[in-house]
Amino acid sequence: MKALHKAARIAATMLLALVAAPVWADWALNMPEGVTPISREVFRLHMIILTICALIGVGVFGAMIFSIVKHRKSRGAVAANFHHSTRIEILWTTIPFLILVAMAIPATVTLLAMEDTIEADMTVKVTGYQWKWKYDYVEDGISFVSSITHPEALELAGIDPLATENFLLDVDNMLVLPLNTKVRFLITSDDVIHSWWVPDFGWKRDAIPGFINDAWTLIDEPGIYRGQCAELCGVGHGFMPIVVAVVEQEEYLAWVEEQAGAAAAVAAEAAREWILEELVAHGEQVYRIQCAVCHQAAGQGISGAFPALAGAPSATGPIEAHIDIVLNGRAGTAMQAFSALLNDTDIAAVITYERNAWGNDMGDAVQPREIAAKR
Ligand SMILES: [Cu+2]
């Protein structure tokens, strides 16, 4: 009686869940169809194979349930007693074989198309770092680092995931790509294995240090597509989102021009003399985005993993050694070489900030020129 009660309660709850229509509205049970020829092909393949599996499932379980009910002992059924049937054995070998071949043919065709990166219109090199992505536009000579934008999320404190738009899925610099253009990606890593994954493109590729994997897209719907690193790569694994903005060709060309202008502005900034306060203010922003993920917002570090910078020997010692570790990193540790990731101004500013924050009271400043000279 008690069990029956419980069963009725569960059934009622399930029924309620079913009729709660608003919940259904954002339930995406199926995989996304995506916005590239390959992603649609993958989706179609998924639907075909899912259908075949569902039909087989219904057929096999239907036959089983039917036999169990119809030929049950209580109805006086007597088990047949035969041992060998060549006809059945041939049937149950060839039918699954044919089904598998029928599934393998379209799957192979799609796989081959996926790997076909030749005759791309442009190439983007993607490099994974703990915990950000770097993009190099091979032909256009554009290069930048894309990092998560709400660094306060890194501490998972003082931020409400539900109230934050695109929580953990927003970056400072989006990858901008032109519409209807075959883009080849060369994917690698500078430290550990990462994986570049935008679900709407229909594939993910591992970013492996020392290897270059390739993949391609041809996106035919403008929009913003989001993804993330899909290979567990350390404590900041959840903090390396991917955001791709797909724009019309003309808009893309305008963006490329704009980048050239921005590069010139950065060069001009790096050439001038900065005052301490300016460097500290800019350095704080760089620190929050680039360094806080490991060394923490108040420079307190994480015991046993990332050293504190507040009161650290480097940040309160000779400036030369401090510049050296930030520019060149420390081999064999998670402290990466920032020379390839940040410009002269950013590096000068972040070093100045570290020397003048959290009770580090050095009062000295590093000029971008000095960084340029050390590269
Ligand atoms: Cu990663």
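Residues numbered from 1 in each chain as written. Predicted model: local features only at pLDDT ≥ 70, side-chain atom pairs only at ≥ 80, totals over all residues.

1. Considering the overall build of the protein chain
To keep it simple, the criterion reads: Only DSSP runs of H or I with at least four residues qualify as helices, and only runs of E with at least two residues qualify as strands; both kinds are numbered from the N terminus onward. Buried, partly exposed and exposed are defined by the number of other C-beta atoms within 10 Å of a residue's own C-beta, namely 20 or more, between the two limits, and 12 or fewer respectively, with C-beta atoms placed from the backbone.
For the protein chain, the count of helices and strands is 10 helices and 10 strands. For the protein chain, the C-alpha atoms occupy an extent of roughly 95 × 60 × 40 Å along the three principal directions. Across the 375 residues that make up the protein chain, the buried fraction comes to 25%.

2. Section: unusual backbone geometry
Here the amide bond leading from Q130 into W131 is cis, since omega sits at 0°, within 30 degrees of zero. Inspection of the secondary structure puts W131 in the loop between strand 1 (122-129) and strand 2 (132-137). Even without being glycine, L168 reaches a positive phi, approximately 65°. Looking at L168, the number of C-beta atoms within 10 Å reads 19, which means it is partly exposed. Of note in this structure, N180 is not a glycine but carries a positive phi near 50°. Secondary-structure assignment places N180 in the loop between strand 4 (175-178) and strand 5 (182-189).

3. Side note on the sheet that holds strand 2
Spelled out, the test is: Paired strands, as defined in this entry, are two strands with at least two bridges between them according to DSSP. Only C-alpha atoms enter the line fits that serve as axes; for helices the fit covers just the stretch in contact. Angles between N-to-C directions range over 0 to 180 degrees.
Taking strand neighbours across the sheet as the criterion, the five strands line up as 3-2-1-5-8 in an open arrangement whose pairing is mixed. Looking at strand neighbours, the two that pair on one side only are strand 3 (142-146) and strand 8 (213-218), the edges of this open sheet. Sheet twist, expressed as the average angle between the axes of neighbouring strands with direction ignored, equals 20°. Relative to strand 8, strand 5 is paired through six bridges, and the arrangement is antiparallel. Opposite V183, over in strand 8, you have T217 as the bridge partner.

4. What about the nonpolar core?
Under the convention used in this document: Structurally, a nonpolar core is described as a collection of buried Ala, Val, Leu, Ile, Met, Phe, Trp, Tyr and Cys residues joined by way of C-beta atoms within 7 Å. The domain limits used here are those given by an automatic or database domain assignment. Any pair of residues counts as being in contact when their C-beta atoms, constructed from backbone geometry, are within 7 Å of one another.
Membership of the largest hydrophobic core comes to 53 residues, with the highest contact counts inside it found for V126, L177, F185, V244, I347, A348 and V350. Examining the composition of this core, we find that six residues originate from one element, helix 9 (residues 344-355), more than from any other. Summarising the domain contributions, this core has at least three residues from each of domain 2 (122-264) and domain 3 (273-374). Residues contacting A348, with those up to four places away along its chain left out, are L279, V366, Q367, P368, E370 and I371.

5. Examining the packing of helix 6 (residues 276-290) against helix 9
Selection rule: Here is the rule for angles: anything less than 35 degrees is roughly parallel, anything more than 145 is roughly antiparallel, 65 through 115 is roughly perpendicular, and the remaining ranges are oblique. Polarity classes work like this: nonpolar for Ala, Val, Leu, Ile, Met, Phe, Trp, Tyr, Cys and Pro, charged for Asp, Glu, Lys and Arg, and polar for all others, with Gly in that last group.
In contact at an axis separation of 7 Å, helix 6 and helix 9 are set at 95° when each is read in the N-to-C sense. When the interaxial angle is binned, helix 6 and helix 9 end up roughly perpendicular. On helix 9, the residues touching L276, L279, V280, H282, G283, E284, V286, Y287 and Q290 of helix 6 are D346, A348, A349, V350, T352 and Y353. Along the lines of polarity and charge, the residues of the contact of helix 6 with helix 9 split into nine nonpolar, four polar and two charged.

6. So, the domain arrangement of the protein chain
Many authors give the size of an interface as the accessible area that is lost as the parts come together. As far as domains go, the protein chain holds domain 1 (33-76 + 85-116), domain 2 (122-264) and domain 3 (273-374). Between the C-alpha centres of domain 1 and domain 3 the distance comes to 58 Å.

7. Some points on helix 6
Quick note on the threshold: One less than the number of residues in a helix, times 1.5 Å, gives the span that helix is expected to have.
In this model, helix 6 (15 residues) spans 20 Å end to end at C-alpha, consistent with the 21 Å of a helix rising 1.5 Å per residue. Every buried residue belonging to helix 6 is among L279, V280, G283, V286, Y287, I289 and Q290, and all of these are buried.

8. What about helix 3 (residues 37-70)?
Spanning 34 residues, helix 3 covers 48 Å between terminal C-alpha atoms, matching the ideal 50 Å at 1.5 Å per step. For helix 3, the tally of buried residues reaches only three of 34 residues, placing the bulk of the element at the surface. Here helix 3 has its buried residues at I38, S39 and V42. Contacts made by the buried residues of helix 3 are with helix 4 (86-115) and strand 7 (203-207).

9. Looking at the packing of helix 3 against helix 4
One way to put it is that helix 3 packs onto helix 4 with a least axis distance of 10 Å and a crossing angle of 170°. By the angle class used here, helix 3 and helix 4 are roughly antiparallel. The segment helix 3 lies against helix 4, with I38, E41, V42, L45, I48, I49 and I52 engaging I99, M103, P106, A107, T110, A113 and M114. Partitioning the contact of helix 3 with helix 4 into residue classes produces 12 nonpolar, one polar and one charged.

10. Section: the sheet that holds strand 10 (residues 241-247)
Sheet architecture is open: five strands sit in the order 4-10-9-6-7, paired in mixed fashion. This sheet does not close on itself; its edge strands, each paired only once, are strand 4 and strand 7. Pairs of neighbouring strands in the sheet enclose a mean axial angle of 25°, with direction left out of account. In terms of strand pairing, strand 6 (residues 194-198) meets strand 7 through five bridges, oriented antiparallel. Across the sheet, residue W196 finds its bridge partner in strand 7, namely R205. Running at roughly 135° to strand 4, helix 5 (residues 249-271) makes contact with strand 4 and strand 10 of the sheet.

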